[in-house]
Amino acid sequence: MLSSTVRAVKTTLGGVRGVRMAVTVAQVEQKLKEALQAQEIEVFDTSGGCGASFEVSLLVSEQFEGKRALQRHRLINGVLAEELKEIHALSIKKTLTPEEFKTK
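The following refers to the structure shown. (Residues numbered from 1 in each chain as written. Predicted model: local features only at pLDDT ≥ 70, side-chain atom pairs only at ≥ 80, totals over all residues. Heavy atoms only, no water.)

1. Observations concerning the pattern of salt bridges
Then step 1. This structure, assessed with the given rule, holds three salt bridges.
Then step 2. One salt bridge in this structure joins Lys31 and Glu83, with 3.2 Å as the shortest N-O distance. Of this pair, Lys31 sits in helix α2 (residues 25–36) while Glu83 sits in helix α4 (residues 81–84), and the two are 52 residues apart along the sequence.
Then step 3. Note on Glu83: relative accessible area 11%, which makes it buried.
Then step 4. Taking the shortest distance from any N to any O, the salt bridge between Glu100 and Arg72 comes out at 2.9 Å. Here Glu100 is found in helix α5 (residues 98–103), whereas its partner Arg72 is found in helix α3 (residues 69–79), with 28 residues between them in sequence. (Salt bridge = Lys/Arg side-chain N within 4 Å of Asp/Glu carboxyl O. Helix = DSSP H or I, 4+ residues; strand = E, 2+ residues; numbered from the N terminus. Buried < 20%, exposed > 50% of the residue type's maximum accessible area, 1.4 Å probe, protein only.)

2. Regarding the sheet that holds strand β2 (residues 53–60)
Then step 1. With mixed pairing, three strands are arranged side by side in an open sheet as β1-β2-β3. Every other strand in the sheet has two partners, leaving β1 (40–45) and β3 (89–96) as the edge strands with one partner each. Sheet twist, expressed as the mean angle between neighbouring strand axes with direction ignored, is 10°.
Then step 2. Note that β2 and β3 share seven bridges and pair parallel. Bridge pairing in β3 places Glu55 opposite Ser91. (Pairing = 2+ DSSP bridges. Axes fitted to C-alpha atoms, helices over the stretch in contact; angles between N-to-C directions.)

Just distances and angles here, no functional claims.
Shown next, in the form of structure tokens:
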């Protein structure tokens, strides 16, 4: 018979979806750079290193041209759809077009 501790570990590590890896700043940056051809990007792990909370402080992309803030945020959320299944919070601060970035 398995102890409750062993059962808890087996349940946590061997569930239907398998072992989940923490999301990293590098993963978030890479995914956003590739999908949105980001010219400038600043991403921070605000969870203290466990990969549960991130802040996109700055993202500059031509794909934001003609889009309002909500549309830009939805675009980012769409790119990070898989990562959002693993993290608890995503804060998006500044989303700018290259022209907006030059004037700020």
